[in-house]
Each structure stands twice: as structure tokens, then as C-alpha cells.
Amino acid sequence: MTDSKYFTTTKKGEIFELKAELNSDKKEKKKEAVKKVIASMTVGKDVSALFPDVVNCMQTDNLELKKLVYLYLMNYAKSQPDMAIMAVNTFVKDCEDPNPLIRALAVRTMGCIRVDKITEYLCEPLRKCLKDEDPYVRKTAAVCVAKLHDINAQLVEDQGFLDTLKDLISDSNPMVVANAVAALSEIAESHPSSNLLDLNPQSINKLLTALNECTEWGQIFILDCLANYTPKDDREAQSICERVTPRLSHANSAVVLSAVKVLMKFMEMLSKDLDYYGTLLKKLAPPLVTLLSAEPELQYVALRNINLIVQKRPEILKHEMKVFFVKYNDPIYVKLEKLDIMIRLASQANIAQVLAELKEYATEVDVDFVRKAVRAIGRCAIKVEQSAERCVSTLLDLIQTKVNYVVQEAIVVIKDIFRKYPNKYESVIATLCENLDSLDEPEARAAMIWIVGEYAERIDNADELLEGFLEGFHDESTQVQLQLLTAIVKLFLKKPTETQELVQQVLSLATQDSDNPDLRDRGYIYWRLLSTDPVAAKEVVLAEKPLISEETDLIEPTLLDELICYIGTLASVYHKPPSAFVEGGRGVVHKSLPPRTASSESTESPETAPAGAPPGEQPDVIPAQGDLLGDLLNLDLGPPVSSPPLATTSVQMGAVDLLGGGLDSLMGDEPEGIGGPNFVAPPAATVPASLGAPIGGGLSDLFDLTSGVGTLSGSYVAPKAVWLPAMKAKGLEILGTFTRQVGSISMDLQLTNKALQVMTDFAIQFNRNSFGLAPAAPLQVHAPLSPNQTVEISLPLNTVGSVMKMEPLNNLQVAVKNNIDVFYFSTLYPLHILFVEDGKMDRQMFLATWKDIPNENEAQFQIRDCPLNAEAVSSKLQSSNIFTIAKRNVEGQDMLYQSLKLTNGIWVLAELRIQPGNPSFTLSLKCRAPEVSQHVYQAYETILKN
């Protein structure tokens, strides 16, 4: 008899009857009763009143009955937490049961009961099950840890379950390894900062060994975990790829896509010259092609992923064009996706094949598909120049069919072809004009109007054509109105005498009779341009247009790299990063591809791992509320408060006090004593008359080399390093370095736009830092930054900003804003940019100060591999404002006594011991602020070795 009988309604007093049956002595009757209870629960009846009676049935050896009771428990434990505690003893007992199935069942159910009161009772049984001799129990317990972590994360950490989970990665049973990896990945996703999956070559080796033997879903967990690992070099990447490649022939498409994800990610690290790289490309194509023989839904997911792969590495599938040809019985969503990939793979070698296919599609019955096919022909023309002529003649053939929607799509794409190949195919304009009357879609009408306006001089009756459109101006869509306004202004500039009335008419329609602000504004701009300066109007409106790029719908490179890391997940189907569609953003970590091996040899940027910060971690740059980063949106309203471009040296710009209140008023709210006495600028009167010129002024300091004012050569400048990678800033890449030239500090920046949109409205602000560094002027990017454009900027800095001791001392946290967003990064500035030009101490003063500074403030350092003699060392250091006060020769050793002064008035005294012929020097530093010494030593190293 089937189980349907349990769902039929019974007599009244149902609960009472069930209660009696549950307490029956007969096992069979009990089981029947529990089945009825579960059936009632399934259809939504409240059977929670039977909780104690059902719990009593737990004491049984019958596995089926136990499963049913556990099912009931999971459902009602939340609403009856006090009653659920009754079941705890049975759980604890079941975890000791000789039957591993019952032990696993108990631990699985415990994990599903989300009741805080019970969780602490479950720790002991869970600990035993994690160490159970049966792998089935261990693998179930591993998943239970992740569930428990979701309920009470602190408890799991205190009980040491995470360490036990990590030990399970080395388990002998592959399924236990897979579940441990799955549990750790789950926990790590909800706590991105915790370094739970501490992957190293040894643990990776264990995972790869387990990969061959576990179930398909276990393989997916392990492959996803491998994808989060960054190999230390290309050899390790290659060895992992070799061991993952066999997964490509798996029957489960999810395993195939996870393997593809790992290979795509690690290929970044392989050199393209390697034989193995070519072999891997060849191996990736067949599994992707095989995915396309599955059912339509799976095909669609595969195609969305292939779309990403083709954008990143078109060479993988370049010979597989035929598999993307559309079949007559494909659903529309598969057809459209295949079409997209065909265009991406189109090249000179296969364009004839593709065009023949597309022409065929354009005669299909499905309207959406036909439109996309016609567009595809246009995109092929733009992508493969050699095929443009053939594409245009194909489009003309399609226009002759007079099918309305085909004609309209053809006109839209021909407009783009004109933009890509000016003065080449304009002979077809006459054919296009014949079809003017049939256009009823805004995009097609707008395209046609653009063509008429752009080529008005070649069309005799251009004014009549545009006048025809103007009659129903108010009924047109905004897109058409804007296009019509621009086209008539172009026509007027080309044929001013014949079209004066027409232009007057359209300008008054756009400005006086329209309530669309975009249209009105454009109308007023044209009106003012034409009335004030017709020549300028001609230059603006009839300017030469940039050629359109071949692939306008490519995914932005930084986003594409992120999506490649999410192959086989929803993100790869939506083509959006998880942060765009996952609610609350919990556990959403931005992933990126590993850097290419070639680039890993370049100089390390200070951003990679500042001293004092753990490797792989950047100094925090999260602005607290009320922080100096303040409201970044107001950044572009004016220069920062600390605007006078002061170099805090003895040469102060005191002659003209632009702020009225002098610097004291600016610094008035500083706590006393920060940074020493030099933080308040000297009164204007102390500036010698000859130095009223800008900083470092006049010829006086060109010749006065003895007085310790820096020479014109300027101090050492480090090469620019990547401070903000495009990956982290929506396409904005910032490289930079710091310089000090004749008393003024500047930050030299190189901004590159790697996004697909124009960037404008740049501004910059610094957080409080150890030496008060702040921008002395706004960040000025004079023109909008177009895609793939780079601009070099030198931002003057001063040291009158707010002071706060940073860790490390030379850490600078920066916020950069543009029209897209605000981005934060931190960098380490070299201390020598703060060595001022009047840092040469008097000899007597030097001796007195050296004795005065306590001996425990002295620090000794070794400078190795520096084959310079004392003269060269002295002159090299002098150019960076480290001044030699005296030189002695003691027992064949050259002793240089040197002094330098920081912008905040701190003096550092140095003794440099040089043994001729020995490339190692001994540097002793004395300073009242000993924490500066380490950074001064680094400055010595940097200057002497470059």
C-alpha cells in the first residue's frame, strides 16, 4: 500500500488519537503514528502539541523511525526550544551508538536544530564525531561545524573546532577532505578577514590527491578551493594545472566548469612561450564544446561562461566556430547567446562562413533573433575590416526585402559602419533615404536623422527630409528629438542660406515648447553658439568624430578578470560581480586573477607589504566618522585648508600672508607640542629681503653651497610604483612616487583610465599622518580622462596638515575621488623627502648635542654592498640634505660625522664608518626621537644604493 493514506483526513479528535497511537506498545503502530504526524506536518497542520510524545519515540533501534522523529524535531525545535532540550540526552547517546549511520544521523540533526540553548550541549558529541573512526561520521561532523558556526561563531572558535576541521584536510578519506574544505570555505566566506584556509604547497598537494577519489560534488568543493590559491611561481601553477586537467573529461558539467575556472586563473601565471601553455589551450576547447550538447538550460549556462572565456582568451575556441551555429530547434535564449559568441570569434579566416550563416538567420521567423542577426552583420563589418564591403552589400540585400524590422535594424548598423569607415560606403545613402517612410522605431529614426545630418552636403533634399521629421517633433521620443536638433544645426552650418528658417523653428521647439531639460539645454547651447560665434559652432558641431571601436559591448577588463574567478557560479551567468546581486554583501570577497609572472619580477611597490603590517595585508584605510578624510564629496569645492605651499624650512614664504591671520591661525587648534617647536611658522619679519621670492628663492642659494642649502640636483627619486591597481578602483590605476626639489615636496602621480567610461572631477585628500603631509593645492586633471588615456600630474605637498603618529611611521593614507566613486589606498613615503635644506649643524653644536642625547637612544646599522668611497658617499648624501660636518681618519677608517633635520624640527646626528675597500659601512644614529632612526637608516640605504 502506498504512503498516500497518511495524507487522508481522519475523524475528529485527530491529535488525541495520534497521541494514543504514539504511546502504543506496538512498534509498528508507533511507526505508523509518526508517519501520520510527519504527513500532517508536511501539509501544514500544526502538530507541535505532540512534541513530548514524538520525542519519546526516539528511544528505538529502528533506523527508519529514528529518521522520522529527527525530521519532526528539526521542524519544531525552533518553536519549542524548552521541549527540544529533552532530546539532548538521546542525541548524546546516539553519538555513542555502535552503528555509524545512527551516529552520523544524530550529528547531522544536531547541526540542523538552530536553537541557542541546545548548542552548548552538542559540543562534546560533535568533538567525538570529528575524531570518529568511521569516515562517514567524520564527513557529516565536518559539515555540522559549518552549521554550528552559522548559529554561534564564537562558540566554535572557543571549542577549537576550526583547528580540528583544518586537521581533517589531511584525512585519509577523500570525502572527509572534501567536506572539510567545503565547511572551511563556507566559514571563510562569512568571515573574509579570517585566514582559515591557510593554503600552502603541502595542503594543496593533499587536496589534489583527494581530488581523484571523491564524489563529483566533493571535487567541486576542492576545485573551488584551489581556485582561491595563488601559486608562488609558474612552475607550481603548471604542476597544479597538470593535475587538474583530467577533471575536464568529467561527466558532471559543474566539475568541468570548476576545473576550467582553476585553469583559466593559473594560466595567467604561465608564460605564453611555454609549450605547455599551447597544450593547455588545446585541451580546454573539447570540454567546452561537449557542454553544448547538453539540454538547453545547461547549454545556456555553458554559453554565458564561454562568452567570458572567449573575451579573455579567444584563442581557445578560435577553430570551433561551427559548434556555435544556431540549430533550428534551439530556444531563443540559446540562439541569442550563440550569436554573441559567433561575433566574438569572427576573424578574417572564418568571416565568409559567419556572414553566410548570419544572412540565413536574417530570414528566420523569430523577430528578436532576426534583429540580433542583422546587428551581428554590422558588428562583423566593424570588427573585420576586410569583410566590411561584403557586410554592407549583405545589409543592402536585406533592405531590399522591405521587411520593416529588418530595414530598421540595417539602418541602425549602417550608421555605425559610416562611423567606423568614413568616406567609404556613403554611396548607399540614396538606398537608405528611399526607406524613410517605413521607419517607426526611435532608434532607427534617430540613426537615419544622424545620417542625413552628417552627410547633408551629399543629399540634395536633406532640408526637406529633416523638415518631414520636424512636423511631428513633439510626438517623437527624446532620442529622436535630440538627434533631429543636432542634425538640423549641422545642416544649417553646411547650408546656412537655405535653412535659416528650419534652424529657428527647431531651436524654438527645443527651448520654448519642450519640458525635457536635456533637450532644452542642448537647444540653448546651440542657440548661444550660433548667435555669438558661428566659427566656433562649426568647429564644435562639425568636429571630426573619433572612429568607433570594434567591440563596444566587451566587459570592462577589471570586471572580466573578477568574473573569470567566478566561472561556474551565478555571477558568470549574470555577468555581474556577486556584490551586485547578493543581499547584504555578507561573504562577498572581490577576487582577482594572479599577476603575470613577468610583472612579479618588477620592483615591489610600497603598497605590497609595508613594514610592520602582516604580509598580504595593507595598512587600514577605512575612514572613521569625523576623520580627516571627512566628506570627500566636498573635495572639489576648493583647495585643502592647509593651502599655502610652504616648505617648512628656514626659507618661509612670509612676505605675503594671504590668509590674514598668518599660519598661527591655521595651526591654532593643534595640540601643543606636536612635532616640536618648528610647527608654527616664523613671523614674516624674519625672512631676509633677498628671499621674498618663491621658495628656494633667488640666485643667493645657487652659489651659497657651503651654507647647507640643497644643491639643485635634488634628492633621490624612487621609480613610480603602483599605488592603486585598476582592479580595486573600478578601472582607475594610480602609479606614483615622491620627490623633493629645492625645498618643495611633491607627489608625482600617473593616472590611467582602464575603464570603459570617461573619468572627471578628480580630487585628493590625505588622512592625518606622522609628519603632517597634506596637499598644498587641489588635484588638477585639466581634461576628462578618456578610456586608455594616461596623464602625469605633480601635486605639491606641504607639512602643515594635522599630525597623528602612524604605524609604520611613514604610512600615508590617501583618498582619491572621481565621478565614479571614492577610492582609498595607502603608501609608504621615503623619509628623505622630509630632510630640510638647513640641516647642517654647527660643529660645536654637533659635539654638545651628541653628548647630550642619552646613549640608549643610539642605534647601529650595517649598510652592505656599497662600493663607494668617503667622497662619493658624502656628495651623494648631501644632494638629499644629509650634511657632512666633519671627516676624520682613524686607524685607516674614514669617519664621517653628519647631521640632518626633519620638517618637524627633529635633528638626527650620524656617524658613518667607512673602511676603504670594504663595501660594508657602519652607521650610528642618535636622535631624541629614536623611533625615527630605523626610517633614517632606510633612507641612507636607498640614497646610497641608487
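Here is what the cut-offs are and how they apply
- Residues numbered from 1 in each chain as written.
- Predicted model: local features only at pLDDT ≥ 70, side-chain atom pairs only at ≥ 80, totals over all residues.
- Heavy atoms only, no water.
- Helix = DSSP H or I, 4+ residues; strand = E, 2+ residues; numbered from the N terminus.
- Buried < 20%, exposed > 50% of the residue type's maximum accessible area, 1.4 Å probe, protein only.
- Contact = heavy atoms within 4.5 Å.
- Salt bridge = Lys/Arg side-chain N within 4 Å of Asp/Glu carboxyl O.
- Expected span 1.5 Å × (residues − 1).
- Pairing = 2+ DSSP bridges.
- Phe/Tyr/Trp six-rings, centres within 6.5 Å; stacked < 30°, edge-to-face > 60°.
- Core = buried A, V, L, I, M, F, W, Y, C linked by side-chain atoms within 4.5 Å.
- Axes fitted to C-alpha atoms, helices over the stretch in contact; angles between N-to-C directions.
- Parallel < 35°, antiparallel > 145°, perpendicular 65-115°, else oblique.
- Left-handed = near helix turned anticlockwise from the far one by under 90°.
- Polar contact = N/O pair within 3.5 Å; in protein donor to acceptor, adjacent residues only side chain to side chain.

Draft legend 1. Focus on the overall build of the chain. Helices and strands together make up the secondary structure of the chain, namely 38 helices and 13 strands. Counting all 946 residues of the chain, 51% fall into the buried class. Within the chain, contacts between residues separated by at least 24 positions form 67% of all contacts whose residues are at least 6 apart in sequence.

Draft legend 2. Main features of the pattern of salt bridges. According to the stated counting rule, one finds 36 salt bridges in the structure shown. Taking the shortest distance from any N to any O, the salt bridge between aspartate 340 and arginine 344 comes out at 3.6 Å. You can see aspartate 340 and its partner arginine 344 sitting in helix α19 (residues 332-345), four residues apart, about one turn around the helix. Given a relative accessible area of 8%, arginine 344 falls into the buried group.

Draft legend 3. The arrangement of helix α27 (residues 478-494) in detail. An ideal rise of 1.5 Å per residue puts 24 Å on 17 residues; α27 measures up with 24 Å between its terminal C-alpha atoms. Counting buried positions along α27 yields 14 of 17 residues, so the element is predominantly enclosed.

Draft legend 4. Quick peek at the pairing of strand β8 (residues 822-828). The element β8 is extensively covered by neighbouring structure, given that six of its seven residues are classed as buried. Where strand β7 (residues 811-817) and β8 come together, seven bridges link them in antiparallel fashion. Along β8, the bridge assignment pairs asparagine 811 with leucine 828. From the end of β7 to the start of β8, which pair antiparallel, there are four residues.

Draft legend 5. The packing of aromatic side chains, seen in detail. Throughout the structure, instances matching the rule amount to twelve aromatic pairs. Centre to centre, the rings of tryptophan 723 and phenylalanine 738 are 5.2 Å apart; their planes meet at 35 degrees, and the pair counts as tilted. Of this pair, tryptophan 723 sits in strand β1 (residues 721-724) while phenylalanine 738 sits in strand β2 (residues 732-741), and the two are 15 residues apart along the sequence. Classification of tryptophan 723 as buried rests on a relative accessible area of 1%. Ring centres of phenylalanine 861 and tyrosine 937 lie 4.5 Å apart, and the angle between their planes is 5 degrees; this geometry places the pair in the stacked category.

Draft legend 6. How the structure looks around the sheet that holds strand β3 (residues 744-753). Taken in spatial order, the five strands of this open sheet run β1-β2-β3-β6-β5, and their pairing is antiparallel. Looking at which strands have only one partner, the edges of the open sheet turn out to be β1 and β5 (774-775). Inspection of the sheet shows β3 paired to strand β6 (residues 790-798) by eight bridges, in the antiparallel sense. By the bridge assignment, leucine 751 is partnered in β6 with valine 791.

Draft legend 7. Looking closely at the nonpolar core. Membership of the largest hydrophobic core comes to 213 residues, with the highest contact counts inside it found for Tyr72 and Phe418. Not counting chain neighbours up to four residues away, the residues in contact with phenylalanine 418 comprise Tyr425, Glu426, Val428, Ile429, Leu432, Trp450, Ile451 and Tyr455. Of all hydrophobic cores here, the second largest spans 62 residues; its members include Tyr716, Phe771, Leu779 and Phe835.

Draft legend 8. Seen up close, the packing of helix α14 (residues 216-227) against helix α16 (residues 253-267). Contact pair α14 / α16: the axes reach a minimum separation of 9 Å and the direction vectors enclose 15 degrees. Taken together, the axes of α14 and α16 lie roughly parallel to each other. The two elements α14 and α16 cross, and the hand of that crossing is left-handed. Residue-level contacts link Glu216, Trp217, Gln219, Ile220, Leu223, Asp224, Leu226 and Ala227 of α14 to Ala254, Val255, Ser258, Ala259, Lys261, Val262, Lys265 and Phe266 of α16.

Draft legend 9. Representation of unusual backbone geometry. Of note, the bond from glutamate 807 into proline 808 is cis; its omega dihedral lies within 30 degrees of zero at -5 degrees. With respect to the element layout, proline 808 can be found in the loop between β6 and β7. For lysine 730, which is not a glycine, the phi torsion comes out positive at approximately 50 degrees. You can see lysine 730 is positioned in the loop between β1 and β2. The backbone of glutamate 891 shows a phi angle near 50 degrees, a positive value even though the residue is not glycine. By the element assignment, glutamate 891 lies in the loop between β10 (883-890) and β11 (893-901). By relative accessible area, glutamate 891 is classed as exposed at 78%.

Draft legend 10. Structural detail: α16. For α16, spanning 15 residues, the distance from its first C-alpha to its last is 21 Å, which sits close to the expected 21 Å at 1.5 Å a residue. Counting buried residues in α16 gives 13 out of 15 residues, a clear majority hidden from the surface. The N-terminus of α16 is capped by asparagine 252, whose side-chain oxygen sits 2.7 Å from the backbone nitrogen of alanine 254.

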